[in-house]
Amino acid sequence: MPHKHNSGRRHRIGKVKFKVTNWSEYEAGLRRRGSLTLWMTPEALSLWKAQKRTTRGGQARYSDLAIETSLMLGLVFGLRLRQTEGFLASVLELMGLDLPVPDHTTLSRRAQRGRPFDRQQGRSVSAEGPIHVLIDSTGLEVYGAGQWLEEKHGARSRRGWRKLHLATNADSGEIIAHILTDKDAGDASQVEPLLEQIAAPIERFTADGAYDGKSTYDVVTKHSAGATIVIPPRSNAVDRSDTEAANQQRDRHITSINTDGRMKWQAATGYGKRSLVETAIGRYKSIIGHRLRARSFAAQQTELAMGIAILNRMLACSRPKSVRLIETTA
C-alpha cells in the first residue's frame, strides 16, 4: 500500500506528534477499568441464582449472567478458571455476600453451550443513524497438541489458529460486529454475516484490498444503497465501465489511482481511517491476549464475545481525545 513507497526514506520522515486534550478524564477512566464495581454490577449480584425452571430436567444453580460475570472477571484480570473461582470467592466474602461460587468445571461446561451472548453488551453508544464501518480480520492462536509437542519435545509443528473478523464504528471506536471462523475462511465471505449484525444504515464502508471484489460491493449496497465504499482495488484491476452504481464506485477508484496515484487517492478518500480497526485489533491482543484459552469452538466463541464486551466497556469508561501538533518552522 502507499506507505510502502516511502520505506527507503522512512528514517527521514518525522514522527507525527499528538496531544491528549482530556488527560484528567482519560486518566480517571483508566483507573476505573480496574475497579471491581465496574465488572460486578448490582444487577449481576441480584440475579446470581438461576430462575426455577418449569420444564423437566435438573435445576441450574447459577444464572447465565452469573456465568458471564465470572468469565469476564477471568479475562479482565488474566486468570484461569481455577484462579477465577478462588478470586470470585474471596471477593464475595469481602463483600459479605452469601452467594455460591461457580467452580471451574461449571464455568468450562457452561461456556461450551454455544448460547449466543448479547452482542450489544458493553456498548455505550447506540448505533442510530448512518455510521462509518471499518472491517478487518486477524488471527488468534489456539493451543493444541502441536504446541504441547513443541514445548515438551521441541518438535516443530504447524501452529493452529482461528480467524477473528471485526467491524468497528469509526466515530465511537466500538466493535459493533464480530465473527470467529476457521483459518481457511476468506475475508470477503464474512462481510455479509458481519453486516447482518449491524441494524443502523451505513454511510461509509472502508476495508483493505483483501475485500476488493464485486461480492463485497453488492453486499454493502444491499445493506445500505447509498453507502460510500472505500476499498483499494488490486494493482491489475481494470475499469469495466459497469452500469451498476456499486461497481461504478470501484471504477472511479481505479481511474483515480491510475490518474493521480495511490497516495493522492488515499488522501482524497480518507482511506487512512482504516487504521482505527487495526487499533481495535491491537487493543484486543494487548488486553485480552493473542491466544484463545478455550479448547472447543463453542467455548472459543463465548470467550471472544466476552472479550469484545470487555473492550467496549473499557472504551465507554475512557477514550482519549487527541489533536495533532503542528510544528512551526522559522
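Parameters at a glance
- Residues numbered from 1 in each chain as written.
- Predicted model: local features only at pLDDT ≥ 70, side-chain atom pairs only at ≥ 80, totals over all residues.
- Heavy atoms only, no water.
- Helix = DSSP H or I, 4+ residues; strand = E, 2+ residues; numbered from the N terminus.
- Buried < 20%, exposed > 50% of the residue type's maximum accessible area, 1.4 Å probe, protein only.
- Polar contact = N/O pair within 3.5 Å; in protein donor to acceptor, adjacent residues only side chain to side chain.
- Contact = heavy atoms within 4.5 Å.
- Phe/Tyr/Trp six-rings, centres within 6.5 Å; stacked < 30°, edge-to-face > 60°.
- Axes fitted to C-alpha atoms, helices over the stretch in contact; angles between N-to-C directions.
- Parallel < 35°, antiparallel > 145°, perpendicular 65-115°, else oblique.
- Nonpolar A, V, L, I, M, F, W, Y, C, P; charged D, E, K, R; others polar.
- Core = buried A, V, L, I, M, F, W, Y, C linked by side-chain atoms within 4.5 Å.

**Student:** Tell me about the overall build of the protein chain, residues and numbers included.
**Tutor:** Within the protein chain, the secondary structure is distributed over 13 helices and eight strands. Residue burial in the protein chain is summarised as follows: out of 330 residues, 43% are buried.

**Student:** Please set out the side chain of Asp 136 residue by residue, giving values where relevant.
**Tutor:** Note that Asp 136 resides in strand E2 (residues 131–142). Its relative accessible area of 7% is what places Asp 136 among the buried residues. Among the polar contacts listed, one links the side chain of Asp 136 to the side chain of Arg 274, at a separation of 3.3 Å. Other than its neighbours up to four places away in sequence, Asp 136 contacts Leu 164, His 165, Leu 166, Asp 208, Tyr 211, Arg 274, Val 277, Glu 278 and Ile 281.

**Student:** Give a detailed account of the packing of aromatic side chains, specifying residues and quantitative values.
**Tutor:** Scanning the model with the defined rule gives three aromatic pairs in all. Measuring from ring centre to ring centre gives 5.3 Å for Phe 77 and Phe 87, while their planes differ by 45°; the resulting arrangement is tilted. Residue Phe 77 is found in the loop between helix H4 (64–76) and helix H5 (81–94), and its partner Phe 87 is found in helix H5; the two are separated by ten residues along the sequence. The class of Phe 87 is partly exposed, set by a relative accessible area of 24%. Judged by centre distance (5.6 Å) and plane angle (40°), the rings of Trp 265 and Tyr 271 are tilted.

**Student:** Residue-level account of the environment of Ala 309, with values.
**Tutor:** Locating Ala 309 in the fold gives a position in helix H13 (residues 297–317). On the accessibility criterion, Ala 309 (3% relative accessible area) is buried. Separated by 237 residues in sequence, Ala 309 and Met 72 have C-alpha atoms that sit 8.6 Å apart.

**Student:** Before we move on, can you summarise the packing of H4 against H5 with the specific residues and values?
**Tutor:** Two numbers describe how H4 lies on H5: the axes approach to 9 Å, and their chain directions differ by 110°. Classified by the interaxial angle, the pair formed by H4 and H5 is roughly perpendicular. Where H4 abuts H5, its residues Ser 70, Leu 71, Leu 73 and Gly 74 lie against Leu 81, Thr 84, Phe 87 and Leu 88. Per-class residue counts for the contact of H4 with H5 are five nonpolar, three polar and no charged.

**Student:** I'd like to hear about the nonpolar core, residue by residue, with values.
**Tutor:** If you look at the biggest cluster of nonpolar residues, it comprises 39 residues, and the most contacted ones within it are Trp 39, Met 40, Trp 48, Met 72, Leu 92, Tyr 284 and Ile 310. Of the residues forming this core, the biggest block, nine residues, is contributed by H13. Within the second largest apolar cluster, 22 residues are counted, among which are Ile 131, Ile 179, Ile 202 and Tyr 211.

**Student:** Give me the environment of Gly 34: which residues, what numbers.
**Tutor:** The residue Gly 34 is located in the loop between helix H1 (23–32) and helix H2 (36–39) in this model. As for Gly 34 and Val 76, which are separated by 42 residues in sequence, their C-alpha atoms are 8.4 Å apart.

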